Amino acid sequence: MSGWPQESLTDLLIEQWEVIDSLLSGLEGDAWFSPTNLPGWTVHDVVAHIIGTESMLSGIEPPTTSIDVHTLPHVHNEIAALNERWVEGLRKSSQPQLLAHFQEITSRRSEVLRNLTESEWNAETLTPVGPAPYGRFMRIRIFDCWMHELDIRDAVGAPTVEDGPRAEIAFEEITGALGFVVGKRGKAPDGARITFVLDGPLARELHVSVDGRAALVPALDGAATTTVRMSSELFTRVACGRVRAADHRDDIILGGDLEVGKRIVDNLAFTI
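Before going into details, it helps to say that this report is about the structure given with it. (Residues numbered from 1 in each chain as written. Predicted model: local features only at pLDDT ≥ 70, side-chain atom pairs only at ≥ 80, totals over all residues. Heavy atoms only, no water.)

**What about a positive patch on the surface?**
Next up, step 1: Together, Lys184, Arg185, Lys187 and Arg213 make up a region of like positive charge exposed at the surface.
Next up, step 2: Of note, Arg213 is situated in strand β5 (residues 213-217). (Patch = residues over 30% accessible without salt bridge, like charges linked within 9 Å, V, L, I, M, F, W, Y side chains within 5 Å. Areas by Shrake-Rupley, 256 points an atom, 1.4 Å probe, with all protein chains shown as cover. Salt bridge = Lys/Arg side-chain N within 4 Å of Asp/Glu carboxyl O. Lys, Arg positive; Asp, Glu negative; His and termini not counted. Charge placed at Lys NZ, Arg CZ, Asp CG, Glu CD. Helix = DSSP H or I, 4+ residues; strand = E, 2+ residues; numbered from the N terminus.)

**Focus on the pairing of strand β6 (residues 226-231)**
Looking down a regular strand, the side chains alternate between one sheet face and the other.
Next up, step 1: With six bridges connecting them, strand β3 (residues 193-199) and β6 associate as parallel partners. Bridge pairing links Leu198 to Met230 in β6.
Next up, step 2: Note: β6 against strand β7 (residues 253-256), four bridges, orientation antiparallel. Residue pairing in the sheet places Arg229 in a bridge with Ile253 of β7. (Pairing = 2+ DSSP bridges.)

**Re the pattern of salt bridges**
Next up, step 1: Per the counting criterion, the structure on display carries 21 salt bridges.
Next up, step 2: Between Glu54 and Arg141 there is a salt bridge, with the nearest N and O atoms lying 2.8 Å from each other. Linking Glu54 in helix α2 (residues 43-57) with Arg141 in helix α6 (residues 134-156), this pair joins segments that are 87 residues apart in sequence.
Next up, step 3: Given the relative accessible area of 3%, Arg141 is considered buried.
Next up, step 4: Between Arg139 and Glu173 there is a salt bridge, with its nearest N and O atoms 3.6 Å apart. Here the residue Arg139 occupies a position in helix α6, and Glu173 occupies one in helix α7 (residues 165-175), the gap between them amounting to 34 residues. In this structure, Arg139 and Glu173 share a single accessibility class: buried. (Buried < 20%, exposed > 50% of the residue type's maximum accessible area, 1.4 Å probe, protein only.)

**Side note on the nonpolar core**
Next up, step 1: Core analysis: the biggest nonpolar cluster contains 38 residues, and Leu24, Val47, Phe102, Leu113 and Ile152 have the highest contact counts within it.
Next up, step 2: Those elements giving two or more residues to this core turn out to be α1 (6-25), α2, α3 (78-89), α4 (95-114) and α6.
Next up, step 3: Here this core takes eight residues from α1, the largest share from any one element.
Next up, step 4: Beyond its immediate chain neighbours, meaning those up to four positions away, Leu24 contacts Trp32, Val43, Val47, Leu99, Phe102 and Ile152.
Next up, step 5: Core analysis: the next-biggest nonpolar cluster, separate from the first, contains 35 residues, Val182, Ala192, Met230 and Ala239 among them. (Core = buried A, V, L, I, M, F, W, Y, C linked by side-chain atoms within 4.5 Å. Contact = heavy atoms within 4.5 Å.)

**A look at the environment of Gly26**
Next up, step 1: Structurally, the position occupied by Gly26 is in the loop between α1 and α2.
Next up, step 2: Relative accessible area serves as the criterion here: at 56%, Gly26 is assigned to the exposed category.
Next up, step 3: Taking the C-alpha atoms as reference points, Gly26 and Thr225, separated by 199 residues in sequence, lie 47 Å from one another.

**Details of the side chain of Gln16**
Next up, step 1: By the element assignment, Gln16 lies in helix α1.
Next up, step 2: Among the polar contacts made by the side chain of Gln16, one reaches the side chain of Arg166 at a distance of 2.6 Å. (Polar contact = N/O pair within 3.5 Å; in protein donor to acceptor, adjacent residues only side chain to side chain.)

In structure tokens:
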């Protein structure tokens, strides 16, 4: 799916919230306080963060906090500080209260999205990738909420099938950053041709060519100079900063220029 078609993206985002709601409704007791792969955050905190973002999009101000969130070790910028105000502000909410809050705000947001006009959907707004149409922002929301579903499932050991339309939309957000990651962060040299071979639920080959600048391309114009093979599950978590490639060396197979390959996977994370 390309662009930001209003009806289909609205359906997928609302479906994503419903999936998270169902997942959370099955959690009991201490499961809500299971640590996630996001530094400093439990499942409870992840849910508070989702509530916070959708509340912000509803024009609701974050709660006041008794601490300076900028002093927390995992807060490195103003966006993180804003997120943390919601996490800290909702930390004393009980699990039933937080679940009810999640259900209320996503229900409100679902109604808003269902009633947006085409001009409102396409109107420029501030997004995590800069000024862009509102519909583009909602594509990013699918990615963000899908990743947080995985954060919760990983934390509590709940099974998941990481494919389907929501996963494909989310994965496009990841692969869209691959040229930047390979070129700027991985410092792949000019002339390098990199192929990622992914197996698992989102199996595919991804190609990056460096010709002055690195770019994701449909196919390479020659043999790959570096290959990186891993599961799509691991690729997703490394690219989104949930785990480090260094901790999964046995699950990553490099070929060709191994130095370039190692530098790329060690710098694969693109999320803040």
